[in-house]
Amino acid sequence: MSKIKEQIYFDYAATTPIDPRVKRVMEPYLDDKFANASSVHSMGQDSANAVLKARDTIAGFLNCKANEVVFTSGATECNNTVFKGVSEAMKEYGNHIITTKIEHPCVLESCKYLEKRGFKVTYLPVGSNGVVKVSDVEKALTKKTILVSIMYVNNEVGTIQPIADIGKLIKSFRSLSSVPRFPIFHTDAAQAVNYLDCDVDKLGVDLMSLSGHKIYGPKGVGALYIRKGTLIEPLMHGGRQEDGMRAGTLNTPGIVGMGSAIQEIKKTTLRQAQGGENQENKRIKFLRDELINKILKTIPNSKLNGDKKLRVANNVNVSFKGVEGESLLMLLDGEGIAVSTGSACASGSIKPSHVLMALGRGPLESHGSIRITIGRFTKESDIKKLLAVLLKAVKRLREISFF
Ligand SMILES: *Cc1c(COP(=O)(O)O)cnc(C)c1O
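Keep in mind that what you see is a predicted model, and the values were worked out from it rather than measured.

Undergrad: Help me understand the nonpolar core, please; the structure alone is not making it clear to me.
TA: Taken as a class, soluble globular proteins show a tendency for nonpolar side chains to be buried jointly. Core analysis: the biggest nonpolar cluster contains 90 residues, and Leu 62, Met 208, Ile 295, Phe 320, Leu 328, Ile 372 and Leu 390 have the highest contact counts within it. The leading source of residues in this core is helix α13 (residues 380-399), at eight residues. Other than its neighbours up to four places away in sequence, Ile 372 contacts Phe 10, Leu 291, Ile 295, Asn 314, Asn 315, Val 316, Val 339, Leu 386 and Leu 390. If you look at the next biggest cluster of nonpolar residues, it comprises 22 residues, including Val 86, Ile 97, Leu 114 and Leu 224.

Structural data, given as structure tokens:
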């Protein structure tokens, strides 16, 4: 048997490992606590209670009511439910949707699907810093706009979008309309949950998408926040689970895992609320800045993609002139270092990243970029190792480059 070389993981935006504490909480539900949460017997009620607890934890984190949290299979399902469900429920009020050019493929593809069915979609541009302008949202709003969907944190370049400001704008625009909560405001928060305030009232959102495996929970689970009274149709039809909003036997281990993952995040924010610093985010931000500053200083013709300040704590995305990102990824991989080019879904395709193109990077620059995302288990020594290997790898690729 071949021994797998130990890898250093720098791809936390693609997925996170399950936190061992989360795994421990999940284990009984993969074992003897297997009963269907919809079963009436006491074993079923044990499962139902575990789901209830997870729902309460997540509702507390979002500052919403427990019955406003709907469990799904992940953020892809949440986003599909939002686009298809809102357009169906709101079609008599309008046919216009606003989103951005830098959304996750599951949003952009849902939009394409709706365009084929007669809906009009405005894809807002972003500045070269990767941030959408509130004034552009304002200009795009019409009386026919039924849905505004803007991601909280971009998954490729880590830029933070001004969700609370857009929430305020939409609220003021709404007072002109007689239809309640029109247009509906959604944010895809999959990349934000670990690091940013996700209070749905402060943000002014009606819908929010969350994913379990981006927050040290398991894959195959997500949660959709739906503000009470929001007009939306379900994607899945069947049993009466989730008040009819999402049919299918509840994924009890996944849901329990997601609740536990949020609980771990809450522990750090609780310390913050008590006046202490959120040590974990501070630590990750420090490592990120060390990485960014050293790369820009020691590797000539390197450029940071995305705003340096309006940036989530764990993201580094850089372009190296005259270097092919895929080749760099392979070289690093050979040295036991896992990074990504563009988004995980875009890897393996030769199309330049739609996000980097939206930032105004040319195809060459886009192809010459890598995304390094750090997280809970990244150590200072990992950063040092990466810097040393990266420096050598870029140099080597430039020596053999034809650009
Ligand atoms: C990962 C991700 C998704 C998809 O989430 P899944 O749970 O894997 O379906 C959607 N949006 C963003 C911003 C993401 O980072």
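Undergrad: Whenever I open this one, helix α4 (residues 105-115) confuses me. Can you help?
TA: Since there are 3.6 residues in each turn of an α-helix, residues three or four apart along the chain are aligned in direction. Turning to α4, its buried residues are Cys 106, Val 107, Leu 108, Ser 110, Cys 111 and Leu 114. Residues of α4 that are buried sit in contact with α3 (75-90), β3 (96-100), β4 (120-124) and α11 (354-358).

Undergrad: I'm lost on the packing of α3 against α4 in this one. Help?
TA: Between two packed helices, what matters for the description is the angle formed by their axes and the separation of those axes. Put simply, α3 and α4 touch, their axes get as near as 9 Å, and they point 25° apart. Regarding the angle of α3 to α4, the classification is roughly parallel. The two elements α3 and α4 cross, and the hand of that crossing is right-handed. For the pair α3 and α4, the contacting residues are Ala 75, Thr 76, Asn 79, Asn 80, Phe 83, Lys 84 and Ser 87 in the first and Cys 106, Val 107, Ser 110, Cys 111, Tyr 113 and Leu 114 in the second. The residue inventory of the contact of α3 with α4, partitioned by class, reads seven nonpolar, five polar and one charged.

Undergrad: Explain the pattern of salt bridges to me, please; I cannot follow it from the model alone.
TA: Once the charged atoms of two side chains with opposite charge are near each other, the side chains can pair. Scanning the entire structure with this criterion turns up 23 salt bridges. Through salt bridges with shared partners, a single ionic network connects Asp 19, Arg 21, Glu 264, Lys 267 and Arg 376.

Undergrad: Which parts of the structure should I look at to understand α3?
TA: In this model, α3 (16 residues) spans 22 Å end to end at C-alpha, consistent with the 22 Å of a helix rising 1.5 Å per residue. Burial analysis of α3 places 13 of its 16 residues in the buried class, the great majority of the element.

Undergrad: Where do I start with the site of the ligand in this structure?
TA: Gly 74, Ala 75, Thr 76, His 104, Met 151, Asn 155, Asp 188, Ala 190, Gln 191, Ser 211, His 213 and Lys 214 make up every residue found near the ligand. The separation between an oxygen atom of the ligand and a polar side-chain atom of Gln 191 is 2.7 Å. With the chains in place, 88% of the 380 Å² that the ligand exposes on its own is no longer accessible.

Undergrad: Just to check I follow, could you spell out the domain arrangement of the protein chain for this structure?
TA: For the protein chain, the assigned domains are domain 1 (8-17 + 278-400) and domain 2 (20-270). For domain 1 and domain 2, the distance between their C-alpha centroids amounts to 28 Å. Taken together, the 34 residues of domain 1 in the interface contact 35 residues of domain 2. Counting across the interface, domain 1 meets domain 2 through zero salt bridges. Scanning the region where domain 1 abuts domain 2 turns up 16 residue pairs in polar contact (both at pLDDT 80 or more). Secondary structure elements with two or more residues in the side of domain 1 that touches domain 2: α9 (279-298), β10 (315-320) and α11. A class-by-class count of the residues in the side of domain 1 that touches domain 2 yields 15 nonpolar, 14 polar and five charged.

Cut-offs applied
Residues numbered from 1 in each chain as written. Predicted model: local features only at pLDDT ≥ 70, side-chain atom pairs only at ≥ 80, totals over all residues. Heavy atoms only, no water. Core = buried A, V, L, I, M, F, W, Y, C linked by side-chain atoms within 4.5 Å. Buried < 20%, exposed > 50% of the residue type's maximum accessible area, 1.4 Å probe, protein only. Helix = DSSP H or I, 4+ residues; strand = E, 2+ residues; numbered from the N terminus. Contact = heavy atoms within 4.5 Å. Axes fitted to C-alpha atoms, helices over the stretch in contact; angles between N-to-C directions. Parallel < 35°, antiparallel > 145°, perpendicular 65-115°, else oblique. Left-handed = near helix turned anticlockwise from the far one by under 90°. Nonpolar A, V, L, I, M, F, W, Y, C, P; charged D, E, K, R; others polar. Salt bridge = Lys/Arg side-chain N within 4 Å of Asp/Glu carboxyl O. Expected span 1.5 Å × (residues − 1). Near = heavy atom within 4 Å. Polar contact = N/O pair within 3.5 Å; in protein donor to acceptor, adjacent residues only side chain to side chain. Areas by Shrake-Rupley, 256 points an atom, 1.4 Å probe, with all protein chains shown as cover. Domains from an automatic or database assignment.

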